[in-house]
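Chain by chain, the residues:
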Amino acid sequence: MRVKFVAGNWKMNGNRASNEALLTDLVPLLAGISGVESVICPPFVYLQQVLSLIGGTKTALGAQDLCQFGNGAYTGGVSAAMLKDSGCSHVIVGHSERRALFGETDALVAEKFAVAREAGLVPVLCVGETLAERESGATEKVVDRQLQAVMQRCGAAALRDAVVAYEPVWAIGTGKTATPEQAQAVHAFIRGRVAAADAAVAAEVRIVYGGSVKAANAEQLFAMADIDGGLIGGAALVAGEFAAICRAAAQKH
Ligand code: PEP
């Protein structure tokens, strides 16, 4: 039985006052939900503030990105060791915004995945196709390419304790959610590709869905056999929404 996983990706949003207000509402709501792993991923500069507000609860701290290099002369970078030292247990790698807007290649994402694991962080690997890729029938090809880059760099066993987030780019921040059936089909495909390399790992790896998940659609998405939770953007900035999504994941048997 895979433990359900829900992460909130705040993206480049928030300030000290709004973070405090959000977490003051959210932390007590999350405390009443069991059976789901929840993670908050704020911008780097707010990691310490968020840790001080969620510290001592079951909710974990994650970062949205990391540098592929170890500590050294890499101006502007934040290393895996620094994230670990700052109280992070998780880190998102390969978010579509990083791939599209910051030029991150499959190889770079695989390198980031590797250094995150080496530092003892749980990588949350994002994969997903653009609308043009879906419309041209290339969804599986794209997702497989993104996944294989990591499996080739780190081995399939590296996915055992990681999380894969299927995030169709056309559904992120657009209000357009993949239907539960569309998402399930890709999740089953991903699990099948992992199984081709290692069946035991495929049975254990959490594959979560991201793309306009809200309280109103979470339950239907999470009811699908291969959807083990969600990576949440916009709705993670609203305490009641994020808590309701975590509750929906916790209710799945
Ligand atoms: C995301 O940021 O990964 C995401 C899925 O965003 P949203 O939930 O806003 O679509």
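The rules behind each value
Residues numbered from 1 in each chain as written. Predicted model: local features only at pLDDT ≥ 70, side-chain atom pairs only at ≥ 80, totals over all residues. Heavy atoms only, no water. Pairing = 2+ DSSP bridges. Helix = DSSP H or I, 4+ residues; strand = E, 2+ residues; numbered from the N terminus. Axes fitted to C-alpha atoms, helices over the stretch in contact; angles between N-to-C directions. Contact = heavy atoms within 4.5 Å. Parallel < 35°, antiparallel > 145°, perpendicular 65-115°, else oblique. Left-handed = near helix turned anticlockwise from the far one by under 90°. Nonpolar A, V, L, I, M, F, W, Y, C, P; charged D, E, K, R; others polar. Phe/Tyr/Trp six-rings, centres within 6.5 Å; stacked < 30°, edge-to-face > 60°. Buried < 20%, exposed > 50% of the residue type's maximum accessible area, 1.4 Å probe, protein only. Lys NZ or Arg CZ within 6 Å of the ring centre and 35° of its normal. Right-handed = clockwise from strand over helix to strand, strands pointing away. Near = heavy atom within 4 Å. Polar contact = N/O pair within 3.5 Å; in protein donor to acceptor, adjacent residues only side chain to side chain. Areas by Shrake-Rupley, 256 points an atom, 1.4 Å probe, with all protein chains shown as cover. Expected span 1.5 Å × (residues − 1). Core = buried A, V, L, I, M, F, W, Y, C linked by side-chain atoms within 4.5 Å. Salt bridge = Lys/Arg side-chain N within 4 Å of Asp/Glu carboxyl O.

> Please give an account of the sheet that holds strand β8 (residues 229-232) that cites residues and values.
Spatially, 8 strands are ordered β1-β2-β3-β4-β5-β6-β7-β8 in a closed barrel, and the strand pairing comes out parallel. Sheet twist, expressed as the average angle between the axes of neighbouring strands with direction ignored, equals 25°. Bridge count for strand β4 (residues 90-93) against strand β5 (residues 122-127) is 4 bridges, and the pairing is parallel. Within β5, the position partnered with Val-91 by the bridge is Pro-123. Taken strand by strand, helix α5 (residues 106-118) contacts β4 and β5, and its axis lies near 165° from that of β5.

> Tell me about the packing of helix α7 (residues 139-154) against helix α8 (residues 180-197), and name the residues and values.
Pairs of packed helices are described in terms of their axes, by the angle between the two and the distance that separates them. Two numbers describe how α7 lies on α8: the axes approach to 11 Å, and their chain directions differ by 40°. Between α7 and α8, the crossing angle belongs to the class labelled oblique. In this structure, α7 meets α8 at a crossing whose hand is right-handed. For the pair α7 and α8, the contacting residues are Thr-139, Glu-140, Val-143, Asp-144, Leu-147, Gln-148 and Met-151 in the first and Val-186, Phe-189, Ile-190, Arg-193, Val-194 and Ala-197 in the second. When its residues are assigned to classes, the contact of α7 with α8 shows 8 nonpolar, 2 polar and 3 charged.

> Can you break down the packing of aromatic side chains residue by residue, with the values?
Applying the stated rule across the entire model yields 2 aromatic pairs. Relative to Tyr-74, the ring of Phe-69 has its centre 4.3 Å away and its plane inclined at 15°; by these criteria the two rings are stacked. A relative accessible area of 38% means that Phe-69 is categorised as partly exposed. Here Tyr-74 falls in the partly exposed class, since its relative accessible area comes to 38%. A centroid spacing of 6.3 Å and a plane angle of 55° characterise the contact between Tyr-166 and Tyr-209, whose relative ring orientation is tilted. Here the residue Tyr-166 occupies a position in strand β6 (residues 163-166), and Tyr-209 occupies one in strand β7 (residues 206-210), the gap between them amounting to 43 residues. Relative accessible area serves as the criterion here: at 0%, Tyr-166 is assigned to the buried category. The ring of Phe-102 carries Arg-98 above its face, with NZ or CZ at 3.9 Å from the centroid.

> Tell me about the pairing of β4, and name the residues and values.
Residue alternation in β4 divides its side chains into two sets, His-90 and Ile-92 and Val-91 and Val-93, and both sets are buried. With 2 bridges joining them, strand β3 (residues 60-63) and β4 adopt parallel strand pairing. Its bridge partner lying in β4, Gly-62 is registered against His-90. Assessed by its sense of winding, the connection that carries the chain from β3 through helix α3 (residues 80-85) to β4 is right-handed.

> Any details on the site of the ligand? Residues and values, ideally.
Near the ligand you find 14 residues, and of these Lys-11, His-95, Glu-167, Gly-173 and Ser-212 are the closest. Between the ligand and Gly-233 there is a distance of 2.8 Å, counted from an oxygen atom to a backbone nitrogen or oxygen. The separation between an oxygen atom of the ligand and a polar main-chain atom of Gly-234 is 2.8 Å. In the complex, 96% of the free accessible area of the ligand, which totals 300 Å², lies under the protein chains. Residue composition of the shell around the ligand, grouped by class: 4 nonpolar, 8 polar and 2 charged.

> I'd like to hear about α5, residue by residue, with values.
The terminal C-alpha atoms of α5 lie 18 Å apart, and with 13 residues this matches the ideal 18 Å at 1.5 Å per residue to within 8%. Within α5, the full set of buried residues consists of Asp-106, Val-109, Ala-110, Lys-112, Phe-113, Ala-114, Val-115 and Ala-116. Looking at the buried residues of α5, the elements they touch are α3, β4, α4 (96-101), β5 and α7.

> Tell me about unusual backbone geometry, and name the residues and values.
Of note in this structure, Lys-11 is not a glycine but carries a positive phi near 50°. You can see Lys-11 is positioned in the loop between β1 (4-9) and α1 (16-31). Non-glycine residue Ser-212 carries a positive phi angle of around 60°.

> A description of the nonpolar core should follow, citing residues and the corresponding values.
As a rule of thumb, soluble globular proteins bury nonpolar side chains together. Of all hydrophobic cores here, the largest spans 71 residues; its most connected members are Leu-83, Leu-159, Ile-190, Tyr-209, Phe-222 and Phe-242. When residues no more than four places from it in sequence are discounted, the contact partners of Ile-190 are Val-127, Val-143, Leu-147, Val-164, Tyr-166 and Ile-207. If you look at the next biggest cluster of nonpolar residues, it comprises 13 residues, including Ala-7, Val-39, Ala-165 and Leu-231.

> I'd like to hear about the pattern of salt bridges, residue by residue, with values.
One pass over the structure, following the stated rule, counts 15 salt bridges. The salt bridge involving Lys-112 is made with Glu-104; its shortest N-O contact spans 2.7 Å. Residue classification places Lys-112 among the buried residues on the basis of a relative accessible area of 4%. Its relative accessible area of 6% is what places Glu-104 among the buried residues. Between Asp-226 and Arg-191 there is a salt bridge whose closest N-O contact spans 2.5 Å. Of this pair, Asp-226 sits in the loop between α10 (215-222) and β8 while Arg-191 sits in helix α8, placing them 35 residues apart in sequence. By sharing partners, the salt bridges in this structure join Arg-2, Arg-191, Asp-226 and Asp-228 into a single network.

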